Each structure stands twice: as structure tokens, then as C-alpha cells.
Amino acid sequence: MKMSSPFSPSPYLSFPPNPNHNPYPNRNPNPDRTSFSIHSNRNPNRTRFPIHPNHRRLSFPLITSLHPIKSTLTNSSSTSTTTTTKEIIAAPRLRRLVSEFENLGTAAEKLRRVMEYAARMPRMEERKKVMENRVMGCVAQVWVDVMMDEEGRVRIEADSDSEMIRGFCGCLIEVLDGAWPEEVVGYEAEELGELVMGGLGGRGRGNTWGNVLVAMKKRTRGLVAEREGRVAVGEEFPSLMIGRDGIVAKGSYAEAQARYLFPDESTVNELVKVLREKDIGIVAHFYMDPEVQGVLTAAQKNWPHIHISDSLVMADKAVKMAEAGCRFIAVLGVDFMAENVRAILDQAGHQKVGVYRMSNERISCSLADAAATPSYMKYLEKASLSTPSLHVIYINTSLETKALAHELVPTITCTSSNVVQTILQAFAEVPSLTVYYGPDSYMGANIAELFLQMTMMSDEEINKIHPQHNRASIRSLLPRLQYFQEGTCIVHHLFGHEVVEKINDLYCDAFLTAHLEVPGEMFFLAMEAKRRGMGVVGSTQNILDFIKQRVQEALDRNVNDHLQFVLGTESGMITSIVAAVQTLLHSVEPSTRRPDIKVEIVFPVSSNSVTKMSNGPCDPFKFAVVPGVASGEGCSIHGGCASCPYMKMNSLAALLRVCRQLPDETQLLSAYEAERFSSQTSSGKPIADVGCEPILHMRHFQATHELPEKLVHQIIHAHENGNAS
């Protein structure tokens, strides 16, 4: 069976408005709630899933009443306050517009009315059609200019090179032009958008409606902040601006990242020389230090056996390198990645190929550590008591953990790219199944929320996600989806409340990328952006593919553009992103008109996420900061994540040292070798064999989109056999 690729721009995870949804629901009055849910009139007794108590959903008040607005202003020169009452402006206009379009029966009538709004809307002056006023994520060029008059009312102009989109903008302006800032910021128009656009176009035009409204609201918030004196210089996140002619860094953190994008040529040549002489292949994770990635990316041009990817592909590439004649594989990642490479090479018959880590110390991972705790084993013991049950374990765990888990409960490995489809397929093949996911608590909560959102979709929409599911089956599986509550990635954990507030305030109109491991607040923000065609939630590869697709679309439009992406994952991704973007920007034929495309990658970090270096003689090739806080934890609670401290144990110096030392005839690198497990499980089976089986189950699922027969048999007959394997 063929299924949509998760987290790609497809019907998957694109949730349309609920047709039975009340256009003006009351928001939860308690801002400190510690669970999240999606409102649905179809399911008043909806399930709630806990999230971190410090991560609250953001919301703005809806314009639902004709009662006057009370506004309290504080005099900056005194402690006195003044309360003023304002008449409601937008709500009556909204109701008139809703009534107007409700009375239009056909799509042709709606189109004529939209064109009437386009015709009556004045054209924007050419001087205002600048990049600063462009709206990102639209199928056509759209400009929005927002001002505030002397009375404090919002004045809005808009224009587009598409007459239909001009008409959509005219409808929004009909409601919001001249309204108070509180009304504009609180305006929710999903239902009106569906009413106006029903039958007039595909998802692209619907995205345009939402993106234009987001732009209007963002600019309004900015004007209010400026009027109240709350605008601070340098409050934006650092970023890298990538263009055809080069890269510009904004902020010291971005400068520290950019420093390594253009490595020293002699270092690159030295690495290529030793790799070629000694037949060494390299597999590295996206989260490597930018210095290492910069050198590896440059070296790839002269040595084909270097691959940078997410953890799923690393072992596969190592096998291909061994088949091509590589005698050694250097693994740049954390220990479980090296273990997986070692085990998969052994399974493929390449036992003589050496596998080496980049440190003689343990290179840990907070998720792998969480799965190796007694509490996780207790979680699995509980799972073993229910029949039938399946343990879906994240790939970011050790081989030993996978083996011990598989002895207790039938287990299949997953990645952030395939976890949703894996779980849905398992429920489809074993309808009475209970799934136990772990160890990432945020990913588990986000998956549960995704399924809850799916209960608001039609059977046809759900069928596009997975052909064997409908609304009833999704509802029935919700109580049987369990996830571990005590495991987080230290990198993604810090995309919490403070970061989300700043993104929502300053970058709500940008493209938003988020790893599936992020906390609930960041997840909701990214899913909202995805609904408007402005976001992606998934794996590191999903994020890279999303950025590449949006850049290619901008090139295809062949107009000047500025694309801004918030990088909601580890900052080490930047090297691969820059390489991919520059390849696309340089792909335009010289004979054709070259649009000026600027791609900005925003790092949601703060100045606390870098360490200041000691002052010394000025060197134009050195910067005063390096990524990571002084304590070595790599992240800052003040602004988000800088980098993973474990991944950064894979230094360029260590890579060169290991490669020069190979072959290790004097056993100086014995502590660097990837562990090959010789111990056995409690049932007397080799840990390496049992730990590999969940990985092989996953590979079978990826190839066939079905669970292997052996795993299904293990699920159904687990208690008869006494254990899973």
C-alpha cells in the first residue's frame, strides 16, 4: 500500500477547519493549564494529554462581542493610569461580510463579488511595493502596509499582482481598516476565509488568506509596541542571510556559525589525502560542530565516501561505503549511532570493517540515557502485562536498550520521519493493540495530539494519510496509545515558552521549522504555520527538504524574494542548509533572468547561548564568541538551544587524529572503537542479535509499508512464548 510521506507538503498533517466548529468559541480562561487539547464540538469529552507545566499555549482574545473595548493606558511620566472606552468597529463589519457571502449560492457569484472588492480597492503606490511589505508564503506577490492614525486606529493598505488575491485582501481590509489594534490582533478569520474562498481555488489561495492576515496582525503588534516604547534594538534572534553572492551574518552567534562555512583549504586537502590513502569512509550527523561540517562538506567534492545525514541513514551509508572498498568507518555522532553502524555492518557481513568513534570517553545522549533507567524498564514491564502490545522505540537509544526491551515486549524501532505511519500501521494490522512509545516524552505527547486532531477530519481526509483508518478507528486507538513521561532531548527541551513568545511576536509571518521532539508549545506554533503552508514538523531531513522546496518554488516564480526560516532544531543543521540553498541559487542558468533570492535562517537563541572569549589582539579571521554556554551545557534557558554538547565532542582534531592513526596496529585507538556487544540477554541470546531485530523490523516496514510477519506473530503470541524475541 502506498502512503503519503509524513511531514512533507502533502495532505498529511494538514488539518482543515472543522465544518461544525463554532466560529466564535470561548478560549480557555485559565492561562496556566498544564494539558493541551484541540477544541471539537463533536467530542465534548475530549482526551487531554499532559505537557510540560512551563509550556503554555499562546492565544489572543477573539472579537466576539459588540460591547465597547476598555483600554487601560499608563502615563510613562507618572504612576497614574487612564481607562478609555472604545466602540467596537470590526465585529459588525465582520457580521455584515459573513451575511453578504452566505447569501451567495454559487462559486461564480462569490468570484464576481471578490472581483468587485478587488476593483474598489485602491492600488498601492509603487514606492510601498518593497520587500519589507511583501507577505511570505503566497502563491502570488502580495504587499501589506499597516499604519496607525492619530486616533490610534489601524490603517491598512494591500495590493497583489493577482486580482483574485486583491479581492481577498479587500475583504480583510473591509473588516479591519480603521479598527482598533486590539481588534486587529484578536481577529480570527478561518471560517470567513472558508466562506469567501469556498470553491474559488486550492490550498494555495487559502494559505494566502491566512498569511496576509498574519502579516497584518504582526505589523499591528509592532506599531503598538513602538507607540508604547517597547521596541528594543537588537531584540531579534541572530540569523544568517544566504544569497547568490555570499552570506551575511546578523548577530554574534550567527557570526560564530558562519566562521566555519568556508574552511581552510589546506585542512580539507589534508583530510581528503588521509581518507583516500587509508580507505576511510565518514558518516556524520547533521548536528556536528559547524567547523567539522564545513570541512566535511568541502571534502565531499574530492572524496565520495563522506555522508552527512540524520541517524536513520548513517548505517545504510556505512554499508555502501564498505561495499565500495572502505576498510574503516569513522562515525561522527553519539555512541548509539556508532553502535548501530557496527551492528548493521556485522549483519551485512562486513565484520572486518573497523568502526571508530571520535572520543575515548562516552559520547552520551539524554534520550538514550532516559531509556536506560529503571523507570523505563518499569514502563516496559507494565507493557508486557497487556496483550497484545507493541513497543515503538525511538532510534535514539542504545543497542543494549533495544535488546532488553525486545526481550520484554515486541519492539520496533522508529525515527521522527516514520513514527506516525509506524504506529498507524500497527493499529491497522492488530486492531486491539496497545502501543507503548518511548523514550521521548515530547514526541509522544505530540503524536497523541496529532491523532486527536485527526478525529476532527473526515474519513476521506484520514484515508489519504493512511488507507486503513477512518475517524472511528482513530478515536478508538487514542486510549491505547501510551508514551513514556520522563525522557527529553536536552537540545529540543529548551524550545519552550520564552522562545515561543518571541517567535510568535517577531516571526509569526516567517516559515517555521520544528523537530518532532520539541515541546508542545513550539509544536503547536509549527503546526499552525504548517496549516498555512508556512511550516514543517518532522525530522532533520524533513526540515532540510522543506527549506529546499520553498527555495525552489521562489526560483520558479522568478521574482525577487526574501524567505525567512526559523530553525526549530539544533543549530548544526546550518552547514547542510547553506550548502543546499547555495546549490539551488546557483542552479539558475546564466542566460536566464536571475531573481534576487535571499534566504534567511533564524537561530532562536539569545546572547546567553554563546561564550565570550578572552580579549586579545584583533584578528579579522577570529570571533569573540563560540557556540555554547560557558558551563558546557550548550543551551540557554534565556533564548533556546545553541547546540548539543554531546555532538560537539566530535571535534575536527579528533577526526584527524583517529584517521592518521589507522590502521590501529598498536591498539592506541581501542577506546575509540565502536562497541561490539558480546554479552547476552537474560534468555541467553546475544545482545547484538536481539538489539538489531527491532531495527530490521523498521527496515522491513520502510520497504513494504507493512509490519513483518515475524513481529506480528511476536505481538499476538508474546505471552505464549514468555517473551517477545
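Before reading on, note that the structure itself is shown above.
Residues numbered from 1 in each chain as written. Predicted model: local features only at pLDDT ≥ 70, side-chain atom pairs only at ≥ 80, totals over all residues. Heavy atoms only, no water.

Draft legend 1. Spatial organisation of the overall build of the protein. Broken down by element type, the protein carries 26 helices and 24 strands. Out of the 725 residues belonging to the protein, those deemed buried represent 57%. Partitioning the intrachain contacts of the protein with sequence separation of at least 6 by distance along the chain shows that 72% fall at a separation of at least 24. Accessible surface computed for the protein: about 30,400 Å², of which carbon and sulfur atoms make up 50%. (Helix = DSSP H or I, 4+ residues; strand = E, 2+ residues; numbered from the N terminus. Buried < 20%, exposed > 50% of the residue type's maximum accessible area, 1.4 Å probe, protein only. Contact = heavy atoms within 4.5 Å. Areas by Shrake-Rupley, 256 points an atom, 1.4 Å probe, with all protein chains shown as cover.)

Draft legend 2. Molecular detail of helix α3 (residues 163-176). Between its first and last C-alpha, α3 extends 20 Å over 14 residues, near the 20 Å set by a 1.5 Å rise per residue. Counting buried positions over the 14 residues of α3 gives twelve, a clear majority of the element. Within the sequence span of α3, burial applies to Met 164, Ile 165, Arg 166, Gly 167, Phe 168, Cys 169, Gly 170, Cys 171, Leu 172, Ile 173, Val 175 and Leu 176. Count one or two residues on from α3 and you reach Gly 178, which has phi positive near 90°. (Expected span 1.5 Å × (residues − 1).)

Draft legend 3. Fine view of the packing of helix α10 (residues 311-323) against helix α24 (residues 687-704). Relative to each other, α10 and α24 sit at 95°, their axes nearing to 13 Å. On the basis of the axis angle, α10 is roughly perpendicular to α24. In contact with Leu 312, Ala 315 and Asp 316 of α10, α24 contributes Met 698, Arg 699 and Gln 702. For the contact of α10 with α24, a count of residues per class yields three nonpolar, one polar and two charged. (Axes fitted to C-alpha atoms, helices over the stretch in contact; angles between N-to-C directions. Parallel < 35°, antiparallel > 145°, perpendicular 65-115°, else oblique. Nonpolar A, V, L, I, M, F, W, Y, C, P; charged D, E, K, R; others polar.)

Draft legend 4. Broad picture of the environment of Arg 532. For Arg 532, the position within the fold is in the loop between α20 (520-531) and β18 (535-538). Taking the relative accessible area as the measure of exposure, Arg 532 reaches 7% and is therefore buried. Spatially, the C-alpha atom of Arg 532 lies 8.7 Å from that of Trp 209, the residues being 323 residues apart in sequence. Only 2.5 Å separates the side chain of Arg 532 from the side chain of Asn 211, close enough to count as a polar contact. (Polar contact = N/O pair within 3.5 Å; in protein donor to acceptor, adjacent residues only side chain to side chain.)

Draft legend 5. How the structure looks around the nonpolar core. Residues Leu 296, Ile 329, Leu 332 and Phe 451 are the most contacted members of the largest nonpolar core, which totals 160 residues. No other element matches the eight residues that helix α16 (residues 441-454) contributes to this core. In this view, Ile 329 contacts Gly 281, Val 283, Ala 318, Met 321, Val 341, Leu 345, Val 353, Gly 354, Val 355 and Tyr 356; residues no more than four positions away in its chain are not counted. (Core = buried A, V, L, I, M, F, W, Y, C linked by side-chain atoms within 4.5 Å.)

Draft legend 6. How the structure looks around the pairing of strand β11 (residues 328-332). When you tally the buried positions in β11, you get five out of five residues, the bulk of the element. Here β11 shows a buried face lined by Phe 328, Ala 330 and Leu 332 and a second buried face lined by Ile 329 and Val 331. Across five bridges, strand β9 (residues 280-285) lies against β11 in parallel orientation. Opposite Val 283, over in β11, you have Val 331 as the bridge partner. Read from β11 through helix α11 (residues 335-347) to strand β12 (residues 354-356), the crossover connection turns out right-handed. (Pairing = 2+ DSSP bridges. Right-handed = clockwise from strand over helix to strand, strands pointing away.)

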